[in-house]
Amino acid sequence: MAHGHSTDEYLETIYFLAFPIGEYKPTGGGNPTLSSRVAEMLGVSRASAGEMLKRLEADGLVERGEHKEAILTPSGRLRAEHVVRKHRIIECWLTGFLGYTAGEAHIHADDLGDSFTDDMIERMNEKLGRPERCPHGWPVETEFEQAENHELAPLTELAPGERASIVRLAEHDGDLLHWFYDNGLAPGVELELRAVSPGRREFTVTRGGTEQVVGAKAAAGLYVRRAA
Ligand SMILES: [Zn+2]
């Protein structure tokens, strides 16, 4: 990514890691620290992520936990929730009002985050009819989101033969987000996990009679609700 990431984008990323659905597994393996996970998600070096975490700590938004891990302070959590809610409302406006695709909306919303006042966001939300979810399935209201997390799992946690419907798509990786839509994997789509390759690198699913192979990284970013 060409531009630097803002405080809000870091908070958004830490928020995502702080309230995981299943367990977000970075590609590096091992037992990574928060700064390396944040760095991986934002595509920046570990050093710059570490610097930013220090700044967030100095601003009282992040603190060191029992095991020296970085966690959101109560004010950091409030601000992060505010940021993600705003982000999701802007995404709804971009897709519902300006005609952008869901794949395009995430990155534009990141760029626009600082452009609107809180009052503008609330007016936008009203005009849109208080949408329940962003185009990628994430609830606009973070309280609802956190309650729903317990009902969802990444596709990687399903056993072969299990059926599920897609509820949310990981949206921090723009290429991956486009891949989901290019391959018809969107919120509301029902699928069945058919097979998992040795080494858990590939997940074969069927949807509407079509068989499709989903790589491990994509499968970890497809959050589904198991069929009753
Ligand atoms: Zn979204």
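In this text, all values refer to a predicted model and were calculated from it rather than measured experimentally.

S.K.: Go over the overall build of the protein, please, and point to the residues and values.
M.R.: Secondary structure summary: the protein contains nine helices and eight strands in total. If one aligns the C-alpha atoms of the protein with their principal axes, the spans along those axes are about 50 × 45 × 35 Å. For the protein, restricting intrachain contacts to residue pairs at least 6 apart in sequence, the fraction spanning at least 24 positions comes to 58%.

S.K.: With reference to specific residues and values, describe the nonpolar core.
M.R.: If you look at the biggest cluster of nonpolar residues, it comprises 22 residues, and the most contacted ones within it are Leu155, Ile166, Phe203, Val214, Ala219, Leu222 and Val224. Residue assignment for this core shows that the elements contributing at least two residues are strand S4 (163–169), helix H8 (174–182), strand S5 (190–196), strand S6 (202–207), helix H9 (216–220) and strand S8 (222–226). With four residues, the single largest contributor to this core is S4. With near-sequence residues (within four places) excluded, Val224 lies in contact with Leu152, Ala153, Leu155, Ala164, Ser165, Ile166 and Val167. Grouped together as the second largest cluster of nonpolar side chains are 19 residues, Val38, Met41, Met52 and Val83 included.

S.K.: So, the environment of Cys134: which residues are in play, and what are the values?
M.R.: Among the secondary structure elements, Cys134 is positioned in the loop between helix H6 (118–127) and helix H7 (142–149). Take Cys134: there are 27 C-beta atoms within 10 Å of it, and that puts it in the buried class. Residues Cys134 and Leu98, 36 residues apart in the sequence, show an inter-C-alpha distance of 14 Å. When neighbours within four sequence positions are excluded, Cys134 is seen to be in contact with Arg88, Glu91, Cys92 and Val140.

Calculation rules
- Residues numbered from 1 in each chain as written.
- Predicted model: local features only at pLDDT ≥ 70, side-chain atom pairs only at ≥ 80, totals over all residues.
- Helix = DSSP H or I, 4+ residues; strand = E, 2+ residues; numbered from the N terminus.
- Contact = placed C-beta atoms within 7 Å.
- Core = buried A, V, L, I, M, F, W, Y, C linked by C-beta atoms within 7 Å.
- Buried ≥ 20, exposed ≤ 12 C-beta atoms within 10 Å, placed from the backbone.

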